[in-house]
Amino acid sequence: MQILSERLKIAVKNTFKTLLMVMPMLLAVIGLMGLFEVLVTPDMIHSLFRGDPVEDTLIGTGIGAISVGQPFLSYAIGGELLGEGVSLYAVTAFILSFVTLGLVQLPLEWALFGTRFTLLRNFLSFVFAIVISLLTVYILGFFNGIA
Amino acid sequence: MASHKQKKVVKGKSGLIMLGVVAVMYLVTFYVNADAGKEALKAGFEIVKMIAPILLFVFFLMSLLNTFLAPKSISKHLGEESGVKGWGIALLGGILSHGPAYIWYPMLADLRKHGARDGLIMAFFYTRSIKLPWLPLMISYFGFAFTLILTLLVILGAWVQGLIADKLMSLWDDS
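Residues numbered from 1 in each chain as written. Chains lettered and ligands numbered in written order. Predicted model: local features only at pLDDT ≥ 70, side-chain atom pairs only at ≥ 80, totals over all residues. Heavy atoms only, no water.

1. Topic: the packing of helix α3 (residues 53–66) of chain A against helix α5 (residues 88–100) of chain A
The axes of two packed helices give the description: the angle between them and the distance between them.
All names here are of chain A.
Then comes step 1: Where α3 contacts α5, the axes come no closer than 7 Å and their chain directions differ by 15 degrees. With respect to their mutual orientation, α3 and α5 come out roughly parallel. As for the relative orientation of α3 and α5, their crossing is right-handed in sense. Residues Pro 53, Asp 56, Thr 57, Gly 60, Thr 61, Ile 63, Gly 64 and Ala 65 of α3 form the contact with α5, whose own contacting residues are Tyr 89, Ala 90, Ala 93, Phe 94, Ser 97 and Phe 98.
Then comes step 2: Looking at side-chain class alone, the contact of α3 with α5 contains eight nonpolar, five polar and one charged residues. (Axes fitted to C-alpha atoms, helices over the stretch in contact; angles between N-to-C directions. Helix = DSSP H or I, 4+ residues; strand = E, 2+ residues; numbered from the N terminus. Parallel < 35°, antiparallel > 145°, perpendicular 65-115°, else oblique. Left-handed = near helix turned anticlockwise from the far one by under 90°. Contact = heavy atoms within 4.5 Å. Nonpolar A, V, L, I, M, F, W, Y, C, P; charged D, E, K, R; others polar.)

See the structure below:
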C-alpha cells in the first residue's frame, strides 16, 4: 500500500511537471484558435471554392486544415457548400481535414512529438483526406447506381 | 536495428516564444480592429472553458497510467510486439476519446516516451475524426450511407497510415 501511494505521488508530480511544461504552448495554441475563429470566417471559406472538383478537393483539404471549431461547424459549412454546387469530393475532404489536420496545433505537436513525427503525420493526414474523400464518393456513387 | 524510439521531446523555451508571438498577434489585431481582438479573446476563453474539464480528465488518466502501468507494460500493449491488440486499443481509443486532439497530446507523448509505437499513435489521431456524438448530425446533413462509408474508410485509413508510419520510421531509423 505504501509503495502504491509513493508511486501515485511520483506519478502526480510527474504529470503536473508535464502540465507545466506544456502550458505555455497550450495557451498559445488556444490563443491562435481564438484568432482563427474570428479571422477565418465561413464567408471567407465559401469564397475560396472555384467549381472545379479536383481543384476544390485540394482547396477543401487546405481550408479544413486552417479552420478551427467544433466538428458540427464543418458539417454545417459543408452542407451549405454542397447546396451551392461545390462537389461532394471537396466537401468530404474539407470535413475530414477539419478534424485531422490543424495548422494552429502544429507548434504543440512539434514541441511534444518532434519534427519527423509531426511532418509525417500531417503529410499522411493530408494525402488520406484526399484519398478517402475520393473513395467515399466513388463507393457512394457505386451503391447509388445499383440501388 | 536502431531503435526508432529515440523520442525527441523538444523542451526549452519554444512554448514561451510561441506564447509571445501569439500575444503580439493579439496586440496587432487589437490595434487594427479592436472588436475583432475582443471577439478572438472571448473565443479563446470559451475554448479554455470547454477544454478545462477534459484536460483535467486527461491529466487524471495520465497520473493513473503512470502509477499502474509500468513502461514495460506500455511497451507490451502498445509497442513493437503489441499486434492486433495494439491496433484495437489505438483505433478504438481514438474513436472513444473526447474533446480536441491537442488535449491528448501530452498523454500520447508520454506513452510514446515509454515505448508506444508511432504508427499506433498516428492511428489514434486519425480515428479521432470519428466523432460519435456528432454522427447523427452528420447523417442529417449527408445521409446514412455517406456517414457509414466515410466512418469505415477512416478506420481503414487510420490503420493503413499507422502501418506506413511504422514502416517509414523504422526505415529512417535504420538508415
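Read on, since the account is not over.
2. So, the interface of chain A and chain B
Then comes step 1: Contacts between the two partners involve 62 residues from chain A, matched on the other side by 63 residues from chain B.
Then comes step 2: Here chain A packs against chain B, burying approximately 5,900 Å² in sum over the two surfaces, 80% of which is carbon and sulfur.
Then comes step 3: Summed over the three residues of chain A that lose the most area to chain B, namely Tyr 75, Phe 113 and Arg 116 of chain A, the buried surface amounts to 12% of that side.
Then comes step 4: Taken together, the connections running from chain A to chain B amount to one salt bridge.
Then comes step 5: Where Arg 116 of chain A meets Asp 173 of chain B, a salt bridge forms, and the shortest distance between an N and an O atom there is 3.1 Å.
Then comes step 6: When contributions to the side of chain A that touches chain B are tallied by element, the ones reaching two or more residues are α1 (2–39), α4 (71–83), α5, α6 (106–113) and α7 (115–146) of chain A.
Then comes step 7: Broken down by element, the side of chain A that touches chain B gets its largest block of residues, 24 residues, from α1 of chain A.
Then comes step 8: Taken together, the residues of the side of chain A that touches chain B sort by class into 44 nonpolar, 13 polar and five charged. (Buried area = accessible area lost by both parts, 1.4 Å probe. Salt bridge = Lys/Arg side-chain N within 4 Å of Asp/Glu carboxyl O.)

3. Some thoughts on the domain arrangement of chain B
How large an interface is tends to be reported as the accessible area lost when its parts come together.
Residue and element names in this part refer to chain B.
Then comes step 1: Each assigned domain of chain B is listed here: domain 1 (10–68) and domain 2 (71–175).
Then comes step 2: Computed from C-alpha coordinates alone, the two centres of domain 1 and domain 2 are separated by 24 Å.
Then comes step 3: Between domain 1 and domain 2, the residue contacts involve twelve residues of the former and eleven residues of the latter.
Then comes step 4: Taken over both partners, the interface formed by domain 1 and domain 2 buries close to 900 Å², and the fraction arising from carbon and sulfur atoms is 83%.
Then comes step 5: Its largest share of buried area at the contact with domain 2, domain 1 owes to Ile 54, Val 58 and Met 62, together 44% of the area lost on that side.
Then comes step 6: Here domain 1 and domain 2 share zero residue pairs in polar contact (both at pLDDT 80 or more) between them.
Then comes step 7: Within the side of domain 1 that touches domain 2, the residues separate by chemical class into eleven nonpolar, one polar and no charged. (Domains from an automatic or database assignment. Polar contact = N/O pair within 3.5 Å; in protein donor to acceptor, adjacent residues only side chain to side chain.)

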